[in-house]
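Residue strings, one per chain:
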Amino acid sequence: MSRVLQGILGTILAVLLGACASAPPKRQEAPVFFPPAPELPRLQYLTSFSSLQDVEEQSAFNRFVVGQKQDVKLDKPYGVAMYDWKIYVCDTNSTVIVFDLRNKTFGPLKGAVGPGRLIQPTNIFIEKDGTKYVADPLRGQIVAFDRDDAYLRAYGEPGGWKPVDVVAFVDKLYVADIANGLIKVFDKQSGQTLMTFGNSGAPSDRLDRPTNLAVDSEGYLYVTDLGRFQVVKFDRDGHFKMGFGNLGDGPGHFARPKGIAVARDGHLYVVDAAFSNVQIFSKEGRVLMFFGGSGDQPGNFILPAKVTLDYDNLSYFQQFAQPNFQIDYLVLVTSQFGPRLVNVLASGRERGKKYPTDAELLNQIEERRQGMQKPQNPRTASIS
C-alpha cells in the first residue's frame, strides 16, 4: 500500500471517528444566578437558542463530504412555547420556527403552508393535547394546528381587528385584540364569537392596549396592557377583578409591559421591554424579585418580548444546571435582538437551603425599602 493511499485512508478514518463523537452541550463557564450571591439563588440561566447551529449536529464526516452547513437564524422572535421536546418560536418576520431537541432539527412549522400560512405570527399557545393556537395580527386570525403540527382551522374574520395573543381554557379561546382594546372569546369547537369584554363598565375596568395573555389553573385571565401600564385580572366571564402596576421605573412599576406567564404556585412573570427584564409578582400583585437587564451577556435581554413556563421538558436541560441547583420548572424568555434570542432559565432552589415564604420575603423587601433613601431601579437592581 502506498504512503499516499495510507494517508488518505488515515484521514477518512479520523473523520469517521470524529463523526461518531457527539457534540458536547453548550455550557456557561461560570453559572449565572438570580438574584446574585450572596442571596439565595432562585433562577439559573441555562442556555439559549437562536439558530440552526444551536440544535443541529453536523457530523465531521458530513462536513468533510459536503462542507460546513450554512447557519440559519431567527430574525425577530416574539412568542414561544414548548411541547414534547420542541421549542416553537413565533418569528414575526417569517413563520413559526421549531427547534426539535430530540431529533436535533431546526425548521418551519410544517402546517404553516396553504390554508395554514402565517404572515406575522406573534404569539403561540399550546394545550396539553398538543393543539397549537397562533395569533397572527396581519392575517387577522387565530390559526390552529394539531399535535403533529398539521393545519386544523382558523378563528375570526380578517379585517377590523388585530389578534396579538391567545390562550385556551376548557372549551373557549380568549384573544387579545389590540386594535379595539378588548378581549374576544371564541367557542373552540364551533369558532363562534361568544362575547367580548374589557371595553365597557367603569373606566378603571377597561382595557386600552392589551398585548399579552395568561390564564391560571382556576381560569382567571391576566392581561398586560401597554396603555394602562398594568396587569389586569378578569374572571373567565370577563368580570374585572383587579389591576396592579403603574407607569414608573421602580420595582412593581412598568414602562412597556409585554409577555406574561403564571406559575403553578400563582407567581406572575411579567416582561418589561423598556427595562429589559422580567419581574415576578405574588398572586396579589406584589413584586417579589426581577431578573435580566440590558446587555449581551448570558442572562441579559435585548428588547424582551415573551415569557413562558414549562414543567414537562426538564430532562434535556438538567445537563446545564449546577449539580446543587434543583430545577422546579423552566422559564423561557425571548429577546427580539442580540446574540441570544430564546433564553432558557430554570426556576428552582439550592439543595439543603431553607428559603423564605412569600410573606417572609415581602417583609424583608419592605424592611429594605424603608432603609433606602431612594427607590431602586429595576433596570439594574435585584430585591430578592
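J.: Report on the sheet that holds strand β2 (residues 43-49), specifying residues and quantitative values.
T.: Strand order in the open sheet formed by five strands is β1-β2-β25-β24-β23, and the pairing between neighbours is antiparallel. Unpaired on one side and paired on the other, β1 (32-34) and β23 (304-310) mark the two borders of the sheet. Within the sheet, the average angular offset between the axes of one strand and its neighbour, ignoring direction, is 30°. Here strand β24 (residues 325-335) runs beside strand β25 (residues 342-350); their pairing, made up of nine bridges, is antiparallel. Across the sheet, the residue bridging to T334 is V342, located in β25.

J.: Account for the nonpolar core, naming residues and giving values.
T.: A general trend in soluble globular proteins is that nonpolar side chains are found buried together. Y133, V166, Y174, I183 and L221 are the most contacted members of the largest nonpolar core, which totals 28 residues. Among the secondary structure elements, those contributing two or more residues to this core are β8 (132-136), β9 (141-145), β11 (163-169), β12 (172-177), β13 (182-187), β15 (210-215), β16 (221-225) and β17 (230-234). Ranked by residues supplied to this core, first place goes to β11 with five residues. Those residues in contact with Y174, other than ones at most four positions away along the chain, are D165, V166, V167, F169, I183, K184, V185, F197, L213, L221 and R236. Core analysis: the next-biggest nonpolar cluster, separate from the first, contains 26 residues, L101, F106, F317 and L341 among them.

J.: How would you sum up the sheet that holds strand β3 (residues 77-83)? Please name residues and give values.
T.: The strands making up a sheet are joined through hydrogen bonds of the backbone, oriented either antiparallel or parallel. Here we have four strands laid out as an open sheet, ordered β3-β4-β5-β6, and antiparallel in their pairing. Two strands bound the open sheet, and with one partner strand each, they are β3 and β6 (105-108). In this sheet, adjacent strand axes meet at a mean angle of 20° when their direction is disregarded. Note: strand β5 (residues 96-100) against β6, four bridges, orientation antiparallel. By the bridge assignment for β6, D100 is matched with T105.

J.: I'd like to hear about the side chain of T224, residue by residue, with values.
T.: Position of T224 among the secondary structure elements: in strand β16. For T224, the side chain forms a polar contact with the main-chain oxygen of K258, separated by 2.6 Å. Residues in contact with T224, not counting those within four places in the same chain, are R209, P210, T211, N212, Q230, V231, P257, K258, G259, I260 and V270.

Scoring rules and cut-offs
Residues numbered from 1 in each chain as written. Predicted model: local features only at pLDDT ≥ 70, side-chain atom pairs only at ≥ 80, totals over all residues. Heavy atoms only, no water. Pairing = 2+ DSSP bridges. Helix = DSSP H or I, 4+ residues; strand = E, 2+ residues; numbered from the N terminus. Axes fitted to C-alpha atoms, helices over the stretch in contact; angles between N-to-C directions. Core = buried A, V, L, I, M, F, W, Y, C linked by side-chain atoms within 4.5 Å. Buried < 20%, exposed > 50% of the residue type's maximum accessible area, 1.4 Å probe, protein only. Contact = heavy atoms within 4.5 Å. Polar contact = N/O pair within 3.5 Å; in protein donor to acceptor, adjacent residues only side chain to side chain.

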